[in-house]
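# Descriptive structure summary
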Amino acid sequence: MFDLIASDLRQKGYSVQKDALSPSVVSELLRTFTSIPSGELKQAGIGRAQGQHANSEIRGDEIAWIESAHGGAAGQWLEFSAQLQQYLNRNLMLGLFSFESHFAHYAPGAFYKTHVDAFKGQANRVLSVVLYLNPEWGPEDGGEMVLYSDQGTQAVLEKIQPLGGTLVVFLSEDFPHEVRPAKRDRYSIAGWYRVNTSSTLRIDPPA
Ligand code: OGA
Ligand code: MN
């Protein structure tokens, strides 16, 4: 599967893979997330560093950053993302340097308006990944992730159902995307690989 992702990235800049992780890891990740006390979840922010603020007009999800300390399945996810990083570095020379990811819960009606994950020129986020954790999902549930082309017209490239096990990988600067409002609770993981643009004069700000 890493091979399919690499060739998709080379050809079109994004890849969608169903059943990317085993159903047991996916359901264990959902269990790990839903057992985090709600007081530890944060309203997701937008913007960078000091400009970071919650803005429910733009996005309405609540998040928890993933650490191996969250337990078994979190470690398996981080292991999977490290293997993907190593594979893509060897095969596409992307120079991916670090990885960060968070669980995200969109309550019914919550959305994330069209955005890009990194801005051209100042990018240190180079590759985005999203993994869905919902055991069942149908078109009537809404909540699609819509991926747009960046070529002026913003044509719809793909509408992705957030069904558990589906993995989306895309170049962070090149694809505007949105999360449409869902009718049910919607669970996902969003993660980003960065290149290292730090120097002694300029240290990368945190997410
Ligand atoms: C994000 C994002 C997509 C999704 O968190 O930046 O675009 O489908 N998430 O959850
Ligand atoms: Mn995004």
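Structural notes, computed from the coordinates.

Criteria and thresholds
- Residues numbered from 1 in each chain as written.
- Chains lettered and ligands numbered in written order.
- Predicted model: local features only at pLDDT ≥ 70, side-chain atom pairs only at ≥ 80, totals over all residues.
- Heavy atoms only, no water.
- Donors = N, O, S within 2.8 Å, 3.2 Å for Na, K, Ca; no water.
- Buried < 20%, exposed > 50% of the residue type's maximum accessible area, 1.4 Å probe, protein only.
- Near = heavy atom within 4 Å.
- Polar contact = N/O pair within 3.5 Å; in protein donor to acceptor, adjacent residues only side chain to side chain.
- Helix = DSSP H or I, 4+ residues; strand = E, 2+ residues; numbered from the N terminus.
- Nonpolar A, V, L, I, M, F, W, Y, C, P; charged D, E, K, R; others polar.
- Phe/Tyr/Trp six-rings, centres within 6.5 Å; stacked < 30°, edge-to-face > 60°.
- Expected span 1.5 Å × (residues − 1).
- Arc of directions from axis to C-beta.
- Contact = heavy atoms within 4.5 Å.
- Salt bridge = Lys/Arg side-chain N within 4 Å of Asp/Glu carboxyl O.

Moving on, we get to the coordination of the manganese ion (ligand 2). Four donors placed tetrahedrally around a metal ideally meet at 109.5 degrees, and six donors placed octahedrally ideally meet at 90 or 180 degrees. Coordination sphere of the manganese ion (ligand 2), protein contribution only: H115 (NE2), D117 (OD) and H177 (NE2), at 2.1 to 2.3 Å. Linear spacing of the donor residues for the manganese ion (ligand 2) on their chain is H-x1-D-x59-H. Comparing H115 with D117 shows no difference in burial state: the two are buried.

Around ligand 1 lies a shell of 13 residues, among which H115, Y132, H177, R186 and S188 are the nearest. Side-chain polar atom of Y132 to an oxygen atom of ligand 1: 2.6 Å apart, as the coordinates give it. Of all the secondary structure elements, the ones that give two or more residues to the shell around ligand 1 are β7 (112–115), β8 (125–132), β12 (177–179) and β13 (186–194). Per-element accounting of the shell around ligand 1 gives the leading share, 4 residues, to β13. A breakdown of the residues in the shell around ligand 1 according to their chemical character gives 7 nonpolar, 3 polar and 3 charged.

This structure, assessed with the given rule, holds 9 aromatic pairs. Seen from their ring centres, F2 and Y87 are 5.7 Å apart, and the 50° between their planes marks the pair as tilted. A residue pair is termed long-range when its members are at least 10 positions apart, and F2 in helix α1 (residues 2–12) and Y87 in helix α3 (residues 72–92) qualify at 85 residues. Geometrically, the ring pair formed by Y14 and F175 is edge-to-face, given 5.5 Å between the ring centres and 75° between the ring planes. One end of the pair, Y14, is in strand β1 (residues 14–17); the other, F175, is in the loop between β11 (167–171) and β12, and 161 residues separate them in sequence.

Here helix α2 (residues 23–34) is 12 residues long and its end C-alpha atoms lie 16 Å apart, about the 16 Å a rise of 1.5 Å per residue gives. Taken residue by residue, α2 has V25, V26, L29, L30, T32 and F33 as its buried positions. Angular distribution of buried residues about the axis of α2 spans 160°; they occupy a single face of the element. Of the exposed residues in α2, those oriented more than 90 degrees away from the buried face are P23 and R31. Tucked inside the fold, the buried residues of α2 contact β5 (62–65), α3, β6 (98–106), β8 and β13.

Moving on: the environment of E100. Looking at the secondary structure, you find E100 in strand β6. By relative accessible area, E100 is classed as buried at 16%. When the C-alpha positions of E100 and E67 are compared, they lie 8.9 Å apart, and in sequence the two are 33 residues distant. Within polar-contact distance, the side chain of E100 engages the side chain of R125 at 3.3 Å.

Burial in α1 covers these residues: F2, I5, A6, D8 and L9. Summarising the axial view, the buried residues of α1 lie within an arc of 165°, below the 170-degree limit, and thus occupy one face. Exposed residues on α1 whose side chains face more than 90 degrees from its buried face are D3, R10 and Q11. In this structure, the buried residues of α1 make contact with β1, α3, β8 and β11. At the C-terminal side of α1, G13 shows a positive phi close to 90°.

We now examine the pattern of salt bridges. According to the stated counting rule, one finds 6 salt bridges in the structure shown. Between R180 and E178 there is a salt bridge whose closest N-O contact spans 3.4 Å. What makes E178 buried here is its relative accessible area of 13%. One continuous salt-bridge network, built from bridges that share partners, spans E100, R125 and R194.

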